[in-house]
There are 2 protein chains.
Amino acid sequence: MLSKSHIKLITSLKQKKYRLQHGFFVVEGVKTIKELLQSKLILYALYTTESFNIDAKDEILITEAELKRISFLTTPNKALAIFKIPEVKPIEQNGLVLALDAVRDPGNLGTIIRLCDWFGIKDLICSKETVDCFNPKVIQATMGSIIRVNISYVDLELFLKEINVPVYGAFMEGETVYNMHLPNKGILVMGNEANGVSKDIEALIRKKVSIPRFGDLQATESLNVATATAILLSEFRRF
Amino acid sequence: MLSKSHIKLITSLKQKKYRLQHGFFVVEGVKTIKELLQSKLILYALYTTESFNIDAKDEILITEAELKRISFLTTPNKALAIFKIPEVKPIEQNGLVLALDAVRDPGNLGTIIRLCDWFGIKDLICSKETVDCFNPKVIQATMGSIIRVNISYVDLELFLKEINVPVYGAFMEGETVYNMHLPNKGILVMGNEANGVSKDIEALIRKKVSIPRFGDLQATESLNVATATAILLSEFRRF
């Protein structure tokens, strides 16, 4: 059974303000929830139409109709869980670090987190203007990768001023990434969907990289930030 | 002014059945519509809150409220246009061709069309099970690239049986793409989001390619099909 206070809490977690206030975030779908249950994350409540066979006090069996009422998805997937937002670990600055300058689209951030997981990027640094990684749409797009990537929200300008590893940034007018020698240790900065890397951050970038375009002059102006990130991370990792 | 018959027509174009029946598709947003107006596409009607200063008979000025009523977007962007679905050109089979085996997500297909445009892939072959490229969500994600890529829906198995260029396919267990010599002419097949390349198509693939994973063993199972396509197209094009 779903109480009114449950519904109110879950619905509020769509907004960053209430996620911060309560310290909780929402995850949907059996597969992702099962993956997160096996991590160090702390479960607060699990609402499901079919039992997960876990400790009964955390599990609340609900009907399809009730799930539809609390789900953020058009097509709910059997279960919705509330987890505690984990503490952020200190940034290691070992190896390659990815930094995002105001990436706004939740789907893009989710895809980028999944890419970090694939390419073994331990730390993802987000500027304060980047969409919140506990946004339900981000969580949905990460497919469980959220637990394996350490995500920190920082003042990106200050952060880049204080580190001393090479800082790379993605720019339309940068040097062709295919010709560059790319280090194992460094930071790659990706910019906002519409405006790219901001002026203040641009001033702190040592090497501008770009992905060559092979189409006609008429071709598309830019790549989507998630696909550009995929190509650049692959270039940093390939041998 | 928006007539009832306009509303009915536009709303129906959300469905593939009616797009085929009427031979029309919907495009939203000033920037994309302007780009498409400069192409060879034939405009059927333009509904806009601000005049585009084009031939008056095609342009219908509407209010924000009316736009909200016909738009497929949560946040409509000033204009909605109906264009005629163009005729498909014959497949050239020159250079690199991309083929999709039952890619279902409209956002993924839109991103892949944009990638084809960027990497100068003239022909995109879709299996009949692939989402319709005139789906409004696909059009939205292509950002205008739809006019520069020739998209054909075919019986993919039959198509692959009849061609004689090397056929590559993306598989988890394929050979590392970074070690392979990739030709300028050939076909790259990408599979479905959940199931990858189907068995019947797999039998027709000469070379299986894969993108190495660099994370821990615990890492994400797979890359999103659009990001995997980005990396593989980049590998085919890089020198």
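Residues numbered from 1 in each chain as written. Chains lettered and ligands numbered in written order. Predicted model: local features only at pLDDT ≥ 70, side-chain atom pairs only at ≥ 80, totals over all residues. Heavy atoms only, no water.

- If you look chain A up in an unreviewed UniProt entry, it shows as RNA methyltransferase from Flavivirga rizhaonensis.

1. Observations regarding the overall build of chain A
And step 1. In terms of helices and strands, chain A carries nine helices and ten strands.
And step 2. Relative to the globule expectation of 18 Å for 239 residues, the C-alpha radius of gyration of chain A, 20 Å, shows essentially globular dimensions.
And step 3. Within chain A, residue pairs in contact and separated by at least 24 positions form 73% of the contacts whose partners lie at least 6 positions apart.
And step 4. Accessible surface, chain A: about 11,600 Å² in total, of which carbon and sulfur atoms supply 50%.
And step 5. In chain A, which carries 30 positive and 27 negative side-chain charges, the distance between the mean positions of the two groups comes to 3 Å. (Helix = DSSP H or I, 4+ residues; strand = E, 2+ residues; numbered from the N terminus. Rg over C-alpha atoms; globule rule 2.2 N^0.38 Å. Contact = heavy atoms within 4.5 Å. Areas by Shrake-Rupley, 256 points an atom, 1.4 Å probe, with all protein chains shown as cover. Lys, Arg positive; Asp, Glu negative; His and termini not counted. Charge placed at Lys NZ, Arg CZ, Asp CG, Glu CD.)

2. Details of the domain arrangement of chain A
Residues and elements named next belong to chain A.
And step 1. When its domains are assigned, chain A resolves into domain 1 (4-84) and domain 2 (96-237).
And step 2. One C-alpha centre belongs to domain 1, the other to domain 2, and the line joining them spans 30 Å.
And step 3. With 15 residues of domain 1 at the contact, the number on the domain 2 side is ten residues.
And step 4. In terms of surface lost to domain 2, no three residues of domain 1 exceed Arg19, Phe25 and Glu35, which account for 40% of the buried area on that side.
And step 5. Where domain 1 meets domain 2, there are two salt bridges.
And step 6. Salt-bridge contacts for Arg19 lead to Asp132; the nearest nitrogen and oxygen are separated by 2.8 Å.
And step 7. Where domain 1 meets domain 2, there are three residue pairs in polar contact (both at pLDDT 80 or more).
And step 8. If you list the elements that add at least two residues to the side of domain 1 that touches domain 2, you get helix 2 (16-22), strand 1 (24-28) and helix 3 (30-37). (Domains from an automatic or database assignment. Buried area = accessible area lost by both parts, 1.4 Å probe. Salt bridge = Lys/Arg side-chain N within 4 Å of Asp/Glu carboxyl O. Polar contact = N/O pair within 3.5 Å; in protein donor to acceptor, adjacent residues only side chain to side chain.)

3. Comments concerning the interface of chain A and chain B
And step 1. Every contact between the two is made by 37 residues of chain A and, on the other side, 37 residues of chain B.
And step 2. At the boundary of chain A with chain B, total buried surface from both sides reaches about 3,300 Å², with 60% on carbon and sulfur atoms.
And step 3. When the buried surface of chain A facing chain B is broken down by residue, Trp118, Phe214 and Arg238 of chain A rank first, second and third, together holding 24% of it.
And step 4. Counting across the interface, chain A meets chain B through two salt bridges.

4. Some words on the side chain of Ser210 of chain A
Residues and elements named next belong to chain A.
And step 1. In this structure, Ser210 sits in strand 10 (residues 207-210).
And step 2. Looking at Ser210, its side chain comes within polar contact range of the main-chain oxygen of Gly174, at 3.2 Å.
And step 3. Those residues in contact with Ser210 that lie beyond four places of it in its chain are Phe171, Met172, Gly174, Glu175, Thr176 and Val177.

5. With respect to the sheet that holds strand 6 (residues 123-127) of chain B
Residues and elements named next belong to chain B.
And step 1. Spatially, six strands are ordered 7-6-5-9-8-10 in an open sheet, and the strand pairing comes out parallel. The open sheet has two edge strands, strand 7 (150-154) and strand 10 (207-210), and neither has a second partner. For this sheet, the mean inter-axis angle between neighbouring strands, taken without regard to orientation, is 35 degrees.
And step 2. Bridge count for strand 6 against strand 7 is five bridges, and the pairing is parallel. Along strand 7, the bridge assignment pairs Asp123 with Asn150. (Pairing = 2+ DSSP bridges. Axes fitted to C-alpha atoms, helices over the stretch in contact; angles between N-to-C directions.)

6. Focus on the relation of the copies chain A and chain B
And step 1. Rotating chain A by 180 degrees about the axis while translating it 0.0 Å along that axis superimposes it on chain B, leaving an RMSD of 0.0 Å. As the rotation angle and translation indicate, the two copies are arranged about a two-fold axis.
And step 2. Taken as a fraction of all interface residues of chain A, those also at the interface in chain B reach 100%, which identifies the copy contact as same-surface. (Least-squares fit on C-alpha atoms with pLDDT ≥ 70 in both.)

7. Some details on the nonpolar core
And step 1. Membership of the largest hydrophobic core comes to 102 residues, with the highest contact counts inside it found for Leu98, Leu124 and Ile211 of chain A together with Leu98, Leu124 and Ile211 of chain B.
And step 2. Those residues within four positions of Leu124 of chain A in sequence are excluded, and the remaining contacts are Leu98, Leu100, Leu109, Ile112, Ile113, Cys116, Val149, Asn150, Ile151 and Ser152 of chain A. (Core = buried A, V, L, I, M, F, W, Y, C linked by side-chain atoms within 4.5 Å. Buried < 20%, exposed > 50% of the residue type's maximum accessible area, 1.4 Å probe, protein only.)

8. Quick notes on the environment of Ile7 of chain B
Residue and element names in this part refer to chain B.
And step 1. Counting through the fold element by element, Ile7 comes out in helix 1 (residues 4-12).
And step 2. Separated by 63 residues in sequence, Ile7 and Ile70 have C-alpha atoms that sit 6.3 Å apart.
And step 3. Those residues in contact with Ile7 that lie beyond four places of it in its chain are Leu2, Arg69 and Ile70.

9. Brief notes about the packing of aromatic side chains
And step 1. In this structure the tally under the stated criterion is ten aromatic pairs over all chains.
And step 2. Between Tyr168 of chain A and Phe236 of chain A, the ring centres sit 5.4 Å apart and the planes meet at 90 degrees, which makes this aromatic pair edge-to-face. In this pair, Tyr168 of chain A sits in strand 8 (residues 167-176) while Phe236 of chain A sits in helix 9 (residues 225-237), placing the two residues 68 residues apart along the sequence.
And step 3. Residue Tyr168 of chain A is classed as buried on the basis of its relative accessible area of 6%.
And step 4. Counting every residue linked through ring pairs, the aromatic cluster contains Phe25, Phe83 and Phe134 of chain A.
And step 5. The ring of Phe171 of chain B is capped by Lys208 of chain B, whose NZ or CZ atom sits 4.7 Å from the centre of that ring.
And step 6. Lying across the ring of Trp118 of chain A, Arg213 of chain B places its NZ or CZ 5.6 Å from the centre. (Phe/Tyr/Trp six-rings, centres within 6.5 Å; stacked < 30°, edge-to-face > 60°. Lys NZ or Arg CZ within 6 Å of the ring centre and 35° of its normal.)

10. Here's the deal with the pairing of strand 7 (residues 150-154) of chain A
And step 1. Most of strand 7 of chain A is tucked away: four of the five residues are buried.
And step 2. Each parallel crossover has a hand, and the one from strand 6 (residues 123-127) of chain A via helix 6 (residues 136-142) of chain A to strand 7 of chain A is right-handed. (Right-handed = clockwise from strand over helix to strand, strands pointing away.)

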